[in-house]
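Below are the chains, spelled out letter by letter.
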Amino acid sequence: MLPTQSGGPGAFVDFDLSRVPTPCYVVDEQKIRANLAVLRDIGDRSGAKILLALKAFSMWSLAGLVDEYLDGCCASGLWEARLAREKGFLGARKSQVLSTFSPAYRSSEFNEICSLSDHVIFNRPSADGVEQARVAGVSSGLRINPEISLGLDPKYDPCAVNSRLGYPLSKVTETDLSSFDGLHMHTLCEQNFSPLLQTWIEVEHHLGSLLANFDWINLGGGHHCTRADYDRDGLVALIKEISAKYGCQVYLEPGEAVALDAGLLVGSVLDIMDTKKKHALLDLSATCHAPDVIEAPYRPALLGESDDGQHEYFLGGASCLTADSFGHYKFRQPLAQGDRLAFLDQAHYTMVKTNTFNGVCLPSIALWNSATDELKMIKEFDYQEFVRRLS
Ligand SMILES: Cc1ncc(COP(=O)(O)O)c(C=O)c1O
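Cut-off values and rules
- Residues numbered from 1 in each chain as written.
- Predicted model: local features only at pLDDT ≥ 70, side-chain atom pairs only at ≥ 80, totals over all residues.
- Heavy atoms only, no water.
- Helix = DSSP H or I, 4+ residues; strand = E, 2+ residues; numbered from the N terminus.
- Rg over C-alpha atoms; globule rule 2.2 N^0.38 Å.
- Buried < 20%, exposed > 50% of the residue type's maximum accessible area, 1.4 Å probe, protein only.
- Near = heavy atom within 4 Å.
- Polar contact = N/O pair within 3.5 Å; in protein donor to acceptor, adjacent residues only side chain to side chain.
- Areas by Shrake-Rupley, 256 points an atom, 1.4 Å probe, with all protein chains shown as cover.
- 1 Å grid on protein atoms, 1.4 Å probe; cavity = no way out; pocket = protein on both sides within 12 Å on 5 of 7 lines; lining within 4 Å.
- Sits in = over half its atoms within 2 Å of the grid points.
- Nonpolar A, V, L, I, M, F, W, Y, C, P; charged D, E, K, R; others polar.
- Salt bridge = Lys/Arg side-chain N within 4 Å of Asp/Glu carboxyl O.
- Patch = residues over 30% accessible without salt bridge, like charges linked within 9 Å, V, L, I, M, F, W, Y side chains within 5 Å.
- Expected span 1.5 Å × (residues − 1).
- Arc of directions from axis to C-beta.
- Contact = heavy atoms within 4.5 Å.
- Axes fitted to C-alpha atoms, helices over the stretch in contact; angles between N-to-C directions.
- Parallel < 35°, antiparallel > 145°, perpendicular 65-115°, else oblique.
- Left-handed = near helix turned anticlockwise from the far one by under 90°.

Caption draft 1: Spatial organisation of the overall build of the protein chain. Helix and strand content of the protein chain: 12 helices and 17 strands. Here the protein chain has a C-alpha radius of gyration of 22 Å; the compact-globule value for 391 residues is 21 Å, and the two agree. If one aligns the C-alpha atoms of the protein chain with their principal axes, the spans along those axes are about 65 × 45 × 40 Å. By residue count, 54% of the 391 residues in the protein chain fall in the buried class.

Caption draft 2: Broad picture of the site of the ligand. Near the ligand there are 13 residues, and of these Lys55, Gly222, Glu253, Glu256 and Tyr349 occur at the shortest range. One of the side-chain N or O atoms of Glu253 is found 2.8 Å from a nitrogen atom in the ligand. Gly255 places a polar main-chain atom, nitrogen or oxygen, 2.9 Å from an oxygen atom of the ligand. In the complex, 87% of the free accessible area of the ligand, which totals 390 Å², lies under the protein chains. In this structure the site holding the ligand corresponds to the largest pocket. When its residues are assigned to classes, the shell around the ligand shows 4 nonpolar, 5 polar and 4 charged.

Caption draft 3: Quick peek at the pattern of salt bridges. Across all of its chains, the model carries 17 salt bridges by this definition. The salt bridge partner of Asp71 is Arg40, with a shortest N-O separation of 3.3 Å. On the criterion of sequence distance, the pair formed by Asp71 in the loop between helix H2 (63-69) and strand S3 (72-75) and Arg40 in helix H1 (residues 29-46) is long-range, its members being 31 residues apart. Each member of the pair, Asp71 together with Arg40, is buried. Between Arg134 and Glu131 there is a salt bridge, with its nearest N and O atoms 2.6 Å apart. Taken together, the residues span about one helical turn, with Arg134 and Glu131 both in helix H5 (residues 130-136) at a distance of 3 residues. Residue classification places Arg134 among the exposed residues on the basis of a relative accessible area of 55%.

Caption draft 4: Spatial organisation of a nonpolar patch on the surface. Together, Leu270, Met273 and Leu281 give the surface a local cluster of nonpolar side chains, amounting to about 250 Å² of exposed area. With respect to the helices, strands and loops of the structure, Met273 is situated in strand S11 (residues 263-274).

Caption draft 5: How the structure looks around unusual backbone geometry. A cis amide bond links Thr22 with the next residue in sequence, Pro23, at an omega value of -5°. If you trace the backbone, Pro23 turns up in the segment before strand S1 (24-28). For the bond running from Ala296 to Pro297, omega is -15°, close enough to zero to count as cis. Structurally, Pro297 can be placed in the loop between helix H11 (292-295) and strand S13 (311-316). Unlike most non-glycine residues, Glu190 shows phi in positive territory, near 55°.

Caption draft 6: Examining H1 more closely. The end-to-end C-alpha distance of H1, which contains 18 residues, comes to 26 Å, matching closely the 26 Å that a straight helix rising 1.5 Å per residue would cover. Of the residues making up H1, those classed as buried are Glu29, Ile32, Asn35, Leu36, Leu39, Arg40, Ile42, Gly43 and Ser46. Along the long axis of H1, the arc covered by the buried residues comes to 155°, so they all point the same way. The elements touched by buried residues of H1 are S1, strand S2 (49-53), H2, helix H8 (232-246), helix H9 (256-259) and strand S16 (364-368). Regarding H1, its N-cap is Asp28, as a side-chain oxygen of that residue lies 2.9 Å from the backbone nitrogen of Gln30 further along. Looking one or two residues beyond H1, the residue adopting positive phi is Gly47, at roughly 90°.

Caption draft 7: Local environment of the side chain of Gln96. Checked against the element boundaries, Gln96 lands in the loop between helix H3 (78-86) and strand S4 (97-101). We classify Gln96 as buried; its relative accessible area is 4%. A polar atom in the side chain of Gln96 sits 3.2 Å from the backbone oxygen of Leu70. Setting aside residues up to four positions removed in sequence, Gln96 forms contacts with Asp67, Leu70, Asp71, Gly72, Phe89, Leu90 and Asp118.

Caption draft 8: The packing of helix H7 (residues 193-207) against H8, seen in detail. Two elements in contact, H7 and H8, have axes separated by 10 Å at closest approach and are oriented at 20°. If you check the angle between H7 and H8, you find them roughly parallel. Seen from above, H7 lies across H8 with left-handed handedness. Two secondary-structure elements touch here, H7 through Phe193, Leu196, Leu197, Trp200 and Glu204 and H8 through Gly234, Leu235, Leu238, Ile242, Lys245 and Tyr246. Grouping the amino acids of the contact of H7 with H8 by side-chain chemistry returns 8 nonpolar, 1 polar and 2 charged.

Caption draft 9: A look at the environment of Pro146. Position of Pro146 relative to the elements: it lies in the loop between strand S6 (139-145) and strand S7 (167-168). As a C-alpha pair, Pro146 and Pro158 span 12 residues in sequence and 9.1 Å in three-dimensional space. If we skip the residues at most four places from it in the chain, Pro146 touches Cys159, Leu169, Met185, Thr187, Thr199, Glu202 and Val203.

In structure tokens, the structure reads:
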């Protein structure tokens, strides 16, 4: 079980949960702005260009806000690349960058990916598309696997043995690198600065002066730079050192750091069930609304939970999957039908992963501004959404 990375409720302590229908994601625009400002500061102090990883947080109603602070986006393929361009994540500034990486590309989509992207990144030196990208005039990069595992869990470790993500550093030759303008690595997950430094030392040890051949070096995502204890000065110093030593532009592509602690998932208690232990049955589903709870697995922090509470419940999901549970929680007061509950840190890797398994409805999406207390319901889903995805 992985630990939650939530730094606590922040401004959500004051949010009245009865203001939204359930289930509902509530995103605090002010917290997103604060995270973006931290990332902008890292970019300004280090010279790095910082791209939002859309896979983590694709909330296009905030595209203009993201565009105000960041230097572009990174996409995982055609649909995210289109979203970035069509919904305003890249704004009108010429300097904004769209960088696309897929482990492999569909040939039917590759022309369009090239026409949308500034950087296209490949998983191996002679992958299909390398020559096509060159002819199309798109800057191309090679993703390497530095083969140094520093993650908490092999499931989230692209450096794990036999990983399909990135070309193994031990196999890379000078010829392999010769067709690329850039180098890419993504090796971290919710980590502080020191594993990045260790990984970089390994990469530098292997590639040495060959690193000077690249126009850009992309250090991927997984940097938890907006967490209070993150060593941002260390990161800035490393980026400055890399750019000065190798004469290249450094990129970072954080996802989670953009939306860290910026969202709630609000639900209602539908029923209480007594077995040997008590269950509160919710209109939320871990498997449908917060799949990482089961995939990771991890136990999300809950607004108002209490370590010394006398009333204990398993918070059960709405689907028929036996494992559809958020975990075990303690409360000072007993729960009752109709009570509202809210899981913390639910803005990233949630809305982008929802599904309607069991016909469970999708959470609405609300935007709250903790500075002004303004609340807007920006999306509600109905039965037609479920029907539209089936045939
Ligand atoms: C290639 C790549 N870049 C960036 C990210 C974003 O990572 P995070 O959201 O942990 O910052 C990921 C996440 O899986 C990734 O695979």
